[in-house]
Each structure stands twice: as C-alpha cells, then as structure tokens.
Amino acid sequence: MFVQEPNAEATSAPDGPEHAAASCPVAWCPFCLAASAVQPISPDVVGHLLKAGTELFLAFRAVIETRADDLTQPAAEPVRLEKIDIG
C-alpha cells in the first residue's frame, strides 16, 4: 500500500501507466488475460460460461467421490488364488 506524508513528494504517481485500470504490469497474468477476454462479451454469455464451468467441476467431483467410495468399501468376495502344478 502506498502511504504519502503530507509534505513529501510522491515518488510514484498512482495514475501512472503501471496503475492504469486497463493494463497489468505482469506479462501473461492469467487473471488479467481472462478479464480482458471476457470484457467485450455480454453478461448473459458470461453467466452461461460460469454455469457450464460449475457443472464441469461438479462432474469431476462426482467421479472423484465414486472412485473414493470404491477404494474404501471392501470387495464383495475375496480374491482367491489357486496354485497350479505344472509338470
């Protein structure tokens, strides 16, 4: 956070190019790239994309929970091995 004393001159202007609302000082910032890609799109489209993303994560969650249930439950019948003599 930039704190300025009453009589001191500012060393960095908060309205300079590095603090502009439309640009980010970090190259390839994923958040700024996503925000700039979504900016010209209508809010209705953004809502549909967010809903689709939510459904995708819920599907991943269901797959993970099903797999976890399979690992925690014992098998219905124990695996039986049979020795076969050859010779």
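Please read all numbers here as calculations on a predicted model, not as lab measurements.

## Topic: the pattern of salt bridges
Within this structure, the stated rule accounts for one salt bridge. Of the charged contacts, one joins Arg 61 and Glu 65 as a salt bridge, the two residues approaching to 3.0 Å between their closest N and O atoms. Of the two residues, Arg 61 and Glu 65 both sit in helix H2 (residues 43–72), four residues apart, roughly one turn of that helix.

## Topic: the confidence of the model for the protein chain
Low pLDDT means the predicted atomic positions in that stretch should not be read closely. With 69% of its residues at a pLDDT of 70 or more, the protein chain has an overall mean of 75. Segment residues 8–14: pLDDT under 50, and ten contacts once partners within four positions in sequence are set aside and those in other chains are kept. Ignoring residues within four places in sequence, the model shows residues 16–20, a span with pLDDT below 50, making seven contacts including any to other chains.

## As for a nonpolar patch on the surface
The grouping of Val 38, Ile 41, Val 45 and Leu 49 at the surface amounts to a nonpolar patch, some 290 Å² of accessible area in total. When you line up the elements, Ile 41 lands in the loop between helix H1 (30–38) and H2. Taking relative accessible area as the criterion, Ile 41 reaches 33% and is therefore assigned partly exposed.

## Remarks on unusual backbone geometry
Its identity as a non-glycine residue notwithstanding, Trp 28 has a phi of 60°, on the positive side. Inspection of the secondary structure assignment puts Trp 28 in the segment before H1. On the accessibility criterion, Trp 28 (74% relative accessible area) is exposed.

Conventions used here
Residues numbered from 1 in each chain as written. Predicted model: local features only at pLDDT ≥ 70, side-chain atom pairs only at ≥ 80, totals over all residues. Heavy atoms only, no water. Salt bridge = Lys/Arg side-chain N within 4 Å of Asp/Glu carboxyl O. Helix = DSSP H or I, 4+ residues; strand = E, 2+ residues; numbered from the N terminus. pLDDT = per-residue confidence, 0-100. Contact = heavy atoms within 4.5 Å. Patch = residues over 30% accessible without salt bridge, like charges linked within 9 Å, V, L, I, M, F, W, Y side chains within 5 Å. Areas by Shrake-Rupley, 256 points an atom, 1.4 Å probe, with all protein chains shown as cover. Buried < 20%, exposed > 50% of the residue type's maximum accessible area, 1.4 Å probe, protein only.

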